[in-house]
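# Geometric and topological summary
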Amino acid sequence: MRLSHALGVSYLADKIGEHILEQIDSIPAYEQQRIRGILQAAGLLHDIGHTPWSHTLEPLYIEIHGVDHMSLVADLVEGNQTLSIRGSGRIPDILRSYDINPEDVADLICCRYKGPRYLQQMIFGEVDADMLDYLLRDFYFTGVAFGHIEMERIISTMTVVDNEIVFLTKCHEAIRDFLFARMQMYSSVYLHKKTRIVDMMLLAAARRSIVELGEIQDFHVLTDDEILSFLACDSTDPWVREMAWRVKYRQKLFSQVFRIDAATLDESDISFLNTIRTSEDTPSLIAHTLVMKIAEAAGVDPRYILVDLPLDAVRISEGRFEKLGIKYVNQNEDIKDLEDIDPAFSEYLSRAKPNRNYLTVNCCPDIKDQVEDTCRDLFHRAVMPLFRDDQG
Amino acid sequence: MSEDAIRKKIMYIRDPVHGNIKLSSLQEDLIKTVEVQRLSLTSAGYNLSELSWSSLYATVSCPWCIISCG
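Residues numbered from 1 in each chain as written. Chains lettered and ligands numbered in written order. Predicted model: local features only at pLDDT ≥ 70, side-chain atom pairs only at ≥ 80, totals over all residues.

Scanning chain B from terminus to terminus reveals four helices and two strands. Secondary structure elements of chain B, listed N to C terminal, follow the sequence α-β-β-α-α-α. Buried residues in chain B amount to 34% of all 70 residues. Relative to all contacts within chain B whose residues are 6 or more apart in sequence, the contacts with residues 24 or more apart total 10%. (Helix = DSSP H or I, 4+ residues; strand = E, 2+ residues; numbered from the N terminus. Buried ≥ 20, exposed ≤ 12 C-beta atoms within 10 Å, placed from the backbone. Contact = placed C-beta atoms within 7 Å.)

Here we take up the overall build of chain A. The secondary structure content of chain A amounts to 19 helices and seven strands. Taking all 392 residues of chain A together, 43% fall into the buried category. A fraction of 71% describes how many contacts in chain A between residues 6 or more apart in sequence connect residues 24 or more apart.

Right, let's talk about the sheet that holds strand β1 (residues 158-161) of chain A for a bit. Residue and element names in this part refer to chain A. Strand order in this open sheet of four strands is β1-β2-β5-β6, and the pairing throughout is mixed. Of all strands in the sheet, those with a lone pairing partner are β1 and β6 (335-337), marking the two edges. Adjacent strand axes in the sheet meet at a mean angle of 50 degrees when their direction is disregarded. Bridging between strand β2 (residues 164-168) and strand β5 (residues 327-329) involves two bridges; their strand directions are parallel. Residue pairing across strands places Leu-168 opposite Val-329, the latter belonging to β5. (Pairing = 2+ DSSP bridges. Axes fitted to C-alpha atoms, helices over the stretch in contact; angles between N-to-C directions.)

Right, let's get into the pairing of strand β2 (residues 19-22) of chain B. Sheet topology places strand β1 (residues 12-15) of chain B next to β2(B); four bridges connect them, and they run antiparallel. Counterpart to Tyr12(B) in the pairing with β2(B) is Lys22(B).

Attention now moves to helix α10 (residues 172-190) of chain A. Compared with an ideal rise of 1.5 Å per residue, which puts 19 residues at 27 Å, α10(A) spans 25 Å between its outermost C-alpha atoms and is within 8% of the ideal. Of all the positions in α10(A), only Ala174(A), Ile175(A), Phe178(A), Leu179(A), Arg182(A), Met185(A), Tyr186(A), Ser188(A), Val189(A) and Tyr190(A) are classed as buried. (Expected span 1.5 Å × (residues − 1).)

The subject of this paragraph is the confidence of the model for chain A. Here chain A shows a mean pLDDT of 87. Residues at 70 or above account for 89%. Note on residues 381-392 of chain A: pLDDT under 50 across the span, and 11 contacts to partners over four residues away in sequence or across chains. (pLDDT = per-residue confidence, 0-100.)

Residue and element names in this part refer to chain A. Where helix α1 (residues 2-21) contacts helix α2 (residues 29-45), the two axes come as close as 7 Å, and the packing angle between them is 155 degrees. One finds that α1 runs roughly antiparallel with respect to α2. Crossing geometry of α1 relative to α2 is assigned as right-handed. The segment α1 lies against α2, with Ala-6, Leu-7, Val-9, Ser-10, Leu-12, Ala-13, Asp-14, Gly-17, Glu-18 and Leu-21 engaging Gln-32, Ile-35, Arg-36, Leu-39, Gln-40, Ala-42, Gly-43 and Leu-44. Here the contact of α1 with α2 is composed, by residue class, of 10 nonpolar, five polar and three charged. (Parallel < 35°, antiparallel > 145°, perpendicular 65-115°, else oblique. Left-handed = near helix turned anticlockwise from the far one by under 90°. Nonpolar A, V, L, I, M, F, W, Y, C, P; charged D, E, K, R; others polar.)

Residues and elements named next belong to chain A. For chain A, the assigned domains read domain 1 (2-191) and domain 2 (218-311 + 355-390). Centre-to-centre separation of domain 1 and domain 2, based on C-alpha positions: 33 Å. Elements with a minimum of two residues in the side of domain 1 that touches domain 2: α3 (58-65) and α10. Counted by class, the side of domain 1 that touches domain 2 contains eight nonpolar, three polar and no charged residues. (Domains from an automatic or database assignment.)

Let us now look at the sheet that holds strand β7 (residues 357-363) of chain A. Residues and elements named next belong to chain A. Taken in spatial order, the three strands make up an open sheet running β3-β7-β4, and their pairing is antiparallel. Each of the sheet's edge strands pairs with one partner strand only, and the pair in question is β3 (255-261) and β4 (305-308). Each strand of the sheet is rotated relative to its neighbour by a mean of 15 degrees, with strand direction disregarded. Two elements, β3 and β7, share six bridges in a ladder whose sense is antiparallel. Opposite Asp-261, over in β7, you have Asn-357 as the bridge partner.

A separate point is the nonpolar core. All names here are of chain A. Formed by 67 residues in total, the largest nonpolar core has its most connected members in Ala-13, Ala-41, Ala-42, Leu-45, Val-77, Val-105 and Ile-109. If one sorts the elements of this core by residue count, α1 sits on top with nine residues. If near-sequence neighbours (up to four positions away) are discounted, Ala-13 is found in contact with Leu-39, Gln-40, Ala-42, Gly-43, Met-122, Ile-123 and Ala-129. Membership of the second largest hydrophobic core comes to 45 residues, among which are Met-201, Ala-205, Leu-306 and Cys-364. (Core = buried A, V, L, I, M, F, W, Y, C linked by C-beta atoms within 7 Å.)

This paragraph deals with the environment of Tyr12(B). All names here are of chain B. Here Tyr-12 shows up in strand β1. The spatial distance from the C-alpha of Tyr-12 to the C-alpha of Leu-23 is 5.9 Å, given a sequence separation of 11 residues. Apart from the residues lying within four places of it in its own chain, the contact partners of Tyr-12 are Asn-20, Ile-21 and Lys-22.

All names here are of chain A. Its identity as a non-glycine residue notwithstanding, Trp-53 has a phi of 60 degrees, on the positive side. Within the element layout of this structure, Trp-53 appears in the loop between α2 and α3. The class of Trp-53 is buried, set by 23 C-beta atoms lying within 10 Å. Not every positive phi belongs to a glycine, and Lys-252 is a case in point at roughly 50 degrees. Along the chain, the position of Lys-252 falls in the loop between α13 (238-249) and β3.

Attention now goes to the packing of helix α12 (residues 224-234) of chain A against α13(A). Residues and elements named next belong to chain A. Close contact between α12 and α13 brings their axes to 7 Å; oriented N to C, the two are set at 130 degrees. The angle between the axes of α12 and α13 places the two elements in the oblique class. With respect to the hand of their crossing, α12 and α13 are arranged in left-handed fashion. Along its contact with α12, which presents Leu-228, Leu-231, Ala-232 and Cys-233, the element α13 presents Val-240, Arg-241, Ala-244, Trp-245 and Lys-248. For the contact of α12 with α13, the per-class residue count stands at seven nonpolar, no polar and two charged.

The next subject is the environment of Met185(A). Residues and elements named next belong to chain A. Looking at where Met-185 falls in the secondary structure, it is placed in helix α10. Taking C-alpha positions, Met-185 is 37 Å from Gly-299, a pair spaced 114 residues apart along the chain. Among all residues touching Met-185, those that are not within four sequence positions of it are Leu-135, Asp-138, Gly-147 and Tyr-190.

Structure follows, in structure tokens:
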């Protein structure tokens with residue numbers, strides 16, 4: 001499925017490029033074709049650095065290598081690194097044979113392109129080819145009842161002013177639908193509670209096997225099935241095999257037993273949350289501390305409890321979510337921001353969260369009652385002091 | 001048939017979202033590399049993609065296996 005997504009992004013990047021470049025008379029036809037080649041390549045290659053299970057296991061790649069998957073993409077495109085797979089390493093030569101500099105492609109993918117900004121915005125921008133494709137594709141395959149995006153209209157109303165992509169004001173309704181649909185997909189699908197639980201179960205098992213036990217070298221080269229099969233069948237740790245079995249066959253998946261609603265946080269909570277975010281403790285460390293406290297109080301094995309901070313997952317997997325830099329141009333060629341065109345919707349976007357939960361506690365069904373009772377006792381009496389104690 | 005003539009055959013990919021996608025020769029060359037082919041084996045989990053999210057949700061409340069968020 002990620003291959004068809006890559007193809008879709010390549011197709012849309014080319015489509016946007018064709019539409020934009022034909023508006024710019026100063027670029028000769030040959031150069032237009034070459035630029036479209038760069039866009040096609042950037043779209044097709046933008047995900048080649050993903051680990052197995054993509055964003056789910058990416059934290060392990062970061063823990064091991066100190067960089068995220070984008071760094072690997074750049075290395076593969078520029079030829080600084082190859083995968084330990086026979087036949088790997090041909091991409092730079094292919095690009096050069098089409099008069100394309102691999103560094104241009106890598107820079108576009110990694111959002112560090114120094115050329116015209118409108119080219120960067122097509123690959124990584126407020127409304128880009130990647131986002132348009134993954135939303136349209138996931139609407140289709142998940143079968144959700146919302147999420148119609150007028151892709152053709154959005155692309156056809158893109159234009160360039162001062163080297164930046166702006167949208168004709170008549171397109172605002174289509175842009176609004178796009179932004180609203182994206183919010184719905186995050187709250188209903190990408191950050192669905194069961195999605196987060198299975199992600200965390202798989203990550204916990206893989207971290208134990210790959211990072212702590214060192215059972216797999218170069219895990220990022222393997223496929224989804226190879227990783228899952230190893231964890232479920234070949235790991236030396238029975239707990240890893242147990243967790244992988246649960247994920248693989250959807251058996252005894254953890255359940256959510258407690259949640260703190262992001263919408264009901266008051267000013268002191270928000271101030272406190274800001275303290276957490278600026279502290280040296282990462283969200284995963286805060287979650288780990290909470291797991292240990294709950295497990296101790298409930299008298300259960302901490303490996304069967306998971307604490308999630310879902311809004312932090314958005315920041316890791318989709319850095320564009322908080323971008324609201326969409327600009328419009330009207331008939332008088334005045335540039336307007338989203339808040340000028342639709343203040344109410346802009347206000348909604350600035351307040352709305354892609355997930356209702358700030359924090360959830362999830363556990364194995366066998367210990368659900370103990371953990372639920374413990375959470376009620378701990379959190380109702382002292383949820384914030386519990387955090388504040390951790391901050392010293 | 002010469003290699004050039006063979007190259008002039010145009011490759012189309014049937015895509016459920018965008019319809020028929022006509023590949024350029026650059027896209028065709030890149031799609032044949034192991035790095036890009038690996039993407040068909042590396043996903044956010046599509047082994048149950050034949051099931052719709054709604055039906056999956058109704059049965060086990062798990063849309064986890066069918067998302068491709070980029």
